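Read off the chains here:
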Amino acid sequence: MNAPQIIKTSTGEELVVIPKADYEALLHAAEEALEDAADAAIYDGRKADLKTERALPADVTMDVLRGSNRLKALRNWRKLTQAELAAAIGVSQGFLSDLESNRRKPSEQTSAMLAKALDIPGEWIEP
């Protein structure tokens, strides 16, 4: 960054003159700072949510981060096949497949049955 030039107006106000490239760099840095602040706010919010919810097991979280649906990740964590979990809650394997691929959403009753069959907190089943 080049040294700024300070100019005094006839009213005594001081103005700072900098090269346009330096001005644009300052604008970019300000935008980055706003973006970082927004990211920090999101992080803080999610961290606060963790205090009210039980965190998912690390294996489940990693499976979700790799692209699995949460229900599928939970089923895999419990080492169950779709057929086994479907039988445990009294639905077809195709219906469970639809839930895992987000083609269908579980009802509250189905969510409760899944949570019980997987032996997990109900909040871990996405609505």
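Thresholds applied
Counting from 1, residues in each chain are numbered in the order their sequence is written. Per-residue local features are limited, in this predicted model, to residues with pLDDT of at least 70; the limit for side-chain atom pairs, both in listing and counting, is 80 or more; totals at the level of whole chains, interfaces and linings are taken over all residues. Excluded from the side-chain calculations are hydrogens and water; all other atoms, namely the structure's heavy atoms, are used. UniProt positions are given in the numbering used here, feature names are shortened, and annotations may be inferred rather than shown by experiment. Counting from the N terminus, the helices are DSSP H or I runs at least four residues long and the strands are E runs at least two residues long. Remark: exposure states derive from per-residue accessible area (1.4 Å probe, protein chains only) relative to the maximum for the residue type, with buried under 20%, exposed over 50%, and partly exposed in between. Comment: arc refers to directions from the helix axis out to C-beta atoms. A contact between two residues is defined here by any heavy atoms of the two lying within 4.5 Å. Any two strands between which DSSP finds at least two bridges are classified as paired. By definition, a salt bridge exists where a carboxyl oxygen of Asp or Glu is found within 4 Å of a side-chain nitrogen of Lys or Arg. Patch membership needs two things, relative accessible area over 30% and no salt bridge, and members are linked within 9 Å if like-charged or within 5 Å if nonpolar (Val, Leu, Ile, Met, Phe, Trp, Tyr). Using a 1.4 Å probe, accessible areas were evaluated by the Shrake-Rupley method; residue-level cover was limited to the displayed protein chains. For this analysis, a polar contact is any N or O atom pair within 3.5 Å, provided that within protein one partner can donate a hydrogen and the other can accept it, and provided that sequence-adjacent residues contribute only side-chain to side-chain pairs.

Chemist: I would appreciate a short explanation of the UniProt feature "domain: HTH cro/C1-type" (unreviewed entry) in the chain in the present structure.
Modeler: The positions that UniProt labels "domain: HTH cro/C1-type" (unreviewed entry) are, in the present scheme, residues 71-125. Regarding residues 71-125, the helix share stands at 62% and the strand share at 0%, and the terminal C-alpha atoms are separated by 7 Å.

Chemist: Sorry, what's going on with helix α4 (residues 82-89) here?
Modeler: An α-helical turn contains 3.6 residues, so any two residues separated by three or four positions project in the same direction. Listed in full, the buried residues belonging to α4 are Q82, L85, A86 and I89. Angularly, the buried residues of α4 cover 100 degrees about the axis, an arc narrow enough to put them on a single face. For α4, exposure combined with an orientation more than 90 degrees from the buried face picks out A87 and A88. Buried-residue contacts for α4 involve α3 (70-77), α5 (93-100) and α6 (108-118). One or two residues past the end of α4 sits G90, with phi positive at roughly 75 degrees.

Chemist: It is not clear to me how the pairing of strand β1 (residues 5-8) should be interpreted in this structure. Could you clarify?
Modeler: Along any regular strand, the residues point their side chains to alternate faces of the sheet. Here β1 runs beside strand β2 (residues 14-17); their pairing, made up of 4 bridges, is antiparallel. Bridge pairing in β2 places I7 opposite L15. Linkage of β1 to β2, two consecutive antiparallel strands, is achieved through a turn of 5 residues, within which G12 is found at a positive phi near 95 degrees.

Chemist: Mind showing me how you'd approach the environment of I6 here?
Modeler: By the element assignment, I6 lies in strand β1. Separated by 80 residues in the primary sequence, I6 and A86 have C-alpha atoms spaced 74 Å apart. Contact partners of I6, with chain neighbours within four places excluded, come to E14, L15 and V16.

Chemist: Before we go on, may I ask you to explain the pattern of salt bridges in this structure?
Modeler: Oppositely charged side chains can pair when the atoms bearing their charge come close. In the structure shown here, the tally under the stated rule is 3 salt bridges. Its salt-bridge partner being R75, residue E100 comes within 2.5 Å of it at the nearest N-O pair. Taken together, the residues span a long stretch of sequence, with E100 in helix α5 and R75 in helix α3 at a distance of 25 residues. Among the residues examined, R75 registers a relative accessible area of 7% and is labelled buried. A salt bridge links R103 to D98, with the nearest nitrogen and oxygen atoms 2.9 Å apart. Given the relative accessible area of 19%, D98 is considered buried.

Chemist: What's the story with a nonpolar patch on the surface in this structure? I'm lost.
Modeler: Together, I7, L15 and V17 give the surface a local cluster of nonpolar side chains, amounting to about 210 Å² of exposed area. Within the secondary structure, V17 sits in strand β2.

Chemist: So what exactly am I meant to see when it comes to the side chain of N69 here?
Modeler: Turning to its location among the elements, N69 is positioned in the loop between α2 (58-65) and α3. In this structure the side chain of N69 is engaged in a polar contact, spanning 2.6 Å, whose partner is the backbone nitrogen of L71. The contact partners of N69, leaving out residues within four places of it in the chain, are L99, E100, N102 and E126.

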